[in-house]
Amino acid sequence: MPQRKPVVIVTRTLPRDVETRMMELFEARLNASDKPMTADEIVAAAEGANVLVPTVTDKIDAALIARLPDSIELIANFGVGVNHIDLEAANARKIVVTNTPGVLTDDTADMTACLLLAAPRRLTEGDRLVRSGKWEGWSPTFMIGHRISGKRLGIIGMGRIGQAVARRVKGFGMTVHYHNRRRLHEEIESELEATYWESLDQMLAHMDFISINCPHTKDTHHLLNEERLNLLKPHAFVVNTARGEIIDEAALARMLAENKIAGAGLDVYEREPEIEPALLELDNVVLAPHLGSATHEGRIAMGEKVIVNIRSFVDQHNPRDRVYEV
Ligand code: 8YV
């Protein structure tokens, strides 16, 4: 890393306070248009730069990493999920990768809670009806949904966000079940009153609600494929605030259309911003535009984490949020 201010390429427009601080500390090359950059544009901008700050909308794959100049020593991702970055390719070129864990846990868990409520209580369907001017008033049998209290929630992925979801839904009166690569420490499990299922398939077959809170990796790609979705009870709801690629979106749409699953709440999609067209036709799915961490507080905290990661790397410390593998 050079003695002068490091040159930092930021691929999207970040909150103003974050950009201001970056301009003070670094030779920051910002993207005022906020238009996602193509691979060619990233490679061209990276010429003579030291750090790349991408987001989930950038595909930092092996081909792009191979084209980065040797001056790039750090990819400081703005976001916790790093499935859009080829870690192996970065590692092979000795490029360090960091992310922003912790600061978006509560916001993402809140969004999960929003969807866990909105889908069974038909909130967005009701909103559409009111706006259409076709609402004819209250009736005892009108737009009946499902209660969440007393129901079983199965959380797939019990890391920071999964645990924050568990704490919230205890307040809603749900019982918490989970499947995770590793079983939680006994103390945390009992604090969360969470039941561990070693077998994902068995958990799926016994739940009323499923929340996906694991990272997208080779192992979790289409984890909820058609076969597994078929294990769900017909009254079950699925919520996903993690990554779209974890569910087979086309299979999910088919099963929702055939009422083989009661409903879904989605914040993430397989090919964002494209959405499986069949999903758009359905009333039993709530569709949010990847808003998990979209709070003023969250996005500023993410920016601050990026800055701290860059600073510690430049100061030749091992950045705290260094990602080795997912
Ligand atoms: C971020 C997210 O907004 O951090 C993540 O992994 O999914 C989002 O909440 C996005 O990734 C920013 O790059």
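For every chain, the first residue of the written sequence is number 1, and numbering continues from 1 onward in sequence order. Restriction of local features to residues with pLDDT of at least 70 applies here, the model being predicted, together with a cutoff of 80 or more for giving and counting side-chain atom pairs; totals for whole chains, interfaces and linings are based on all residues. Note: side-chain values were computed over all heavy atoms of the structure, leaving out hydrogens and water.

Q: Before we move on, can you summarise the environment of Lys 218 with the specific residues and values?
A: Helix and strand definitions follow DSSP, with helices as H or I runs of at least four residues and strands as E runs of at least two, each counted in order from the N terminus. Summarising the element assignment, Lys 218 is placed in the loop between β9 (209-212) and α10 (226-229). For the pair formed by Lys 218 and Ala 278, sequence separation is 60 residues and the distance between their alpha carbons is 26 Å.

Q: So what's going on with the site of the ligand? Residues and values would help.
A: Proximity is defined per residue: if any heavy atom of the residue lies within 4 Å of a molecule or strand, that residue is considered near it. In the vicinity of the ligand, the contacting residues are Thr 55, Val 56, Phe 78, Gly 79, Val 80, Gly 81, Leu 104, Arg 243, His 290, Ser 293, Arg 299 and Met 302. Between N or O atoms, a polar contact is any pair within 3.5 Å; within protein, one atom must be a potential hydrogen donor and the other a potential acceptor, and residues adjacent in sequence are included only when both atoms are from side chains. Within the backbone of Val 56, one N or O atom sits 3.0 Å away from an oxygen atom of the ligand. Between the ligand and Phe 78, the relevant distance is 2.6 Å, taken from an oxygen atom to a main-chain nitrogen or oxygen of the residue. Note on residue categories: nonpolar means Ala, Val, Leu, Ile, Met, Phe, Trp, Tyr, Cys or Pro, charged means Asp, Glu, Lys or Arg, and polar means any other residue, Gly included. Here the shell around the ligand is built from residues that sort into five nonpolar, five polar and two charged.

Q: Lay out the environment of Lys 233 with the relevant residues and their values.
A: By secondary structure assignment, the location of Lys 233 is in the loop between α10 and β10 (237-240). Categorising residues by exposure relies on relative accessible area from a 1.4 Å probe, with only protein chains included: less than 20% of the type maximum marks a residue as buried, more than 50% marks it as exposed, and the intermediate range marks it as partly exposed. For Lys 233, a relative accessible area of 23% gives the class partly exposed. In this structure the C-alpha to C-alpha distance between Lys 233 and Ile 307, which are 74 residues apart in sequence, comes to 46 Å. Leaving out residues up to four positions away in the same chain, Lys 233 has contacts with Arg 152, Ala 205, His 206, Met 207, Asp 208 and Lys 260. Residue contacts are defined here by distance: any two heavy atoms, one from each residue, within 4.5 Å place the two residues in contact.

Fair warning: the whole summary comes from geometry, so function is off the table for now.
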